[in-house]
Amino acid sequence: MQHGGDLSEAIRTYGGARSDWLDLSTGINPHAWPVPDQLERRMWTDLPSAADLAALLAAARAAYRVPAPLGVMAAPGTQVILPLLPRLAPDGSVAIVGPTYSSHGDAWRAAGRTVVDIPTAYDAPEDTRILVLVNPNNPDGRMLSPAALMHLARQMQARGGLLIVDEAFSDVVPGLSLLPHLGDEPCLVLRSFGKFFGLAGLRLGFLAGRPDLTDKATGMLESWAVSGPALAVGQAALADLAWQDAMRRQLADEMADLTLALSMAGLTVFGGTALYALAGLRKAEAMHAALARRHIWTRRFDHSPTWLRFGLPGSAAALTRLSTALADAMAEI
């Protein structure tokens, strides 16, 4: 499964300029948090300061409701954190609930670990010491409650293992997060900043959990890993709780409109979150190509050729364009 958000392949294959395309291949919020026109000049000219990093981490701790005993570290995107996880975990094979974001498995295999793909968190082999899951899952949106996750955490604790939960899309379901419930259980939780706040290019992400593990992860990064602008924007956006609440409502409304448009076009929407819809269609690959010829880029999956994922169009005009293209493409294929 390749990453979305890069139109290079689409333009190379189907032509057009970037401005011609409606990119629905990601789960990134099309309504970005309003970055101030001007940042303090020192954020660009000075090395990132310890005080600015502390302010960012405090904002993240409050926004994500991280209990005081737990640690929080910041990195230039959660993608940077993934290769660190095998160095934080105990020895042993890794069970990953899938299908899911493929970079998790890639990181563990690159570290020489044996990876076992499992359909649910309850299908891990009895000797599994490391369990990885995404909650809500990408791309199908499956969710586990905090109570279920705590059960799994204690199970891993009894084995001397580690539970890793990627909460990249949990901002849209704030009550889903494991973090407020954690104590001394051996858990690490990843939080992505760019998706919900619509600022993926800023490159910012967090790891929270047992402080000995987050401190060790911090030590693995180079000095000044998070840029000055990312520290400033991240701190301000995470503290803007009113924007976050209003955005959750807006995204839910727009996802309802997108789901209706897909269903009316003959696609079966069977999963997703408020940031993306996962739809099924027997001729999904043909639909993907037909939409691409109309300069609409969607996300297809090698492991599931009947699946297509659609991000939010972001406006009424873009949704109308998608609806028209879907009708034309359906007639064509």
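Further up the page is the structure itself.
Since this is a predicted model, take the numbers as computed values, not measurements.

(A) The arrangement of the pairing of strand S13 (residues 307-311) in detail. Among the five residues in S13, five count as buried, and that is most of the element. Residue alternation in S13 divides its side chains into two sets, Trp307, Arg309 and Gly311 and Leu308 and Phe310, and both sets are buried. Of the strand pairs in this sheet, strand S10 (residues 276-280) and S13 are connected by five bridges, and their pairing is antiparallel. Across the sheet, Ala279 pairs through a bridge with Leu308, a residue of S13. Sheet topology places strand S12 (residues 299-300) next to S13; two bridges connect them, and they run antiparallel. Bridging from a neighbouring strand, Arg299 pairs with Arg309 of S13. The hairpin turn running from S12 into S13, its antiparallel successor, is six residues long.

(B) Geometry of the sheet that holds S13. Pairing is antiparallel across the open sheet formed by four strands, whose spatial order is S9-S10-S13-S12. Each of the sheet's edge strands pairs with one partner strand only, and the pair in question is strand S9 (268-273) and S12. Relative to the sheet, helix H12 (residues 284-293) contacts S12 and S13, its axis offset from that of S13 by approximately 40°.

(C) Unusual backbone geometry, seen in detail. Here the bond from Asn135 into Pro136 is cis, since omega is 0°, no more than 30 degrees from zero. Positionally, Pro136 belongs in the loop between strand S5 (130-134) and helix H7 (146-158). Residue Pro139 is reached from Asn138 by a cis peptide bond, and omega for that bond is 20°. On the secondary structure map, Pro139 appears in the loop between S5 and H7. A positive phi angle is found at Arg65, which is not glycine, with a value near 55°. Position of Arg65 relative to the elements: it lies in the loop between helix H3 (50-63) and strand S2 (71-75). Residue classification places Arg65 among the partly exposed residues on the basis of a relative accessible area of 41%. Unusually for a residue other than glycine, His295 sits at a positive phi of about 60°. His295 sits in the buried class, given a relative accessible area of 18%.

(D) Representation of the pattern of salt bridges. One pass over the full model with this rule turns up 11 salt bridges. A salt bridge links Asp140 to Arg142; its shortest N-O distance comes to 2.8 Å. For Arg191, the salt bridge goes to Asp171, with nearest N and O atoms at 3.3 Å. Here Arg191, found in strand S7 (residues 187-192), pairs with Asp171, found in the loop between strand S6 (162-166) and S7; they are 20 residues apart in sequence, far enough to count as distant. The network of salt bridges with shared partners includes Glu40, Arg42 and Asp52.

(E) Up close: H7. Here H7 contains 13 residues, and its C-alpha end-to-end distance of 18 Å stays within 8% of the 18 Å for a straight helix at 1.5 Å per residue. Of the positions making up H7, those classed as buried are Pro146, Ala148, Leu149, Met150, Leu152, Ala153 and Met156. Taken from the residues just after H7, Gly160 is the one with a positive phi, measuring 70°.

Rules and cut-offs
- Residues numbered from 1 in each chain as written.
- Predicted model: local features only at pLDDT ≥ 70, side-chain atom pairs only at ≥ 80, totals over all residues.
- Heavy atoms only, no water.
- Buried < 20%, exposed > 50% of the residue type's maximum accessible area, 1.4 Å probe, protein only.
- Helix = DSSP H or I, 4+ residues; strand = E, 2+ residues; numbered from the N terminus.
- Pairing = 2+ DSSP bridges.
- Contact = heavy atoms within 4.5 Å.
- Axes fitted to C-alpha atoms, helices over the stretch in contact; angles between N-to-C directions.
- Salt bridge = Lys/Arg side-chain N within 4 Å of Asp/Glu carboxyl O.
- Expected span 1.5 Å × (residues − 1).

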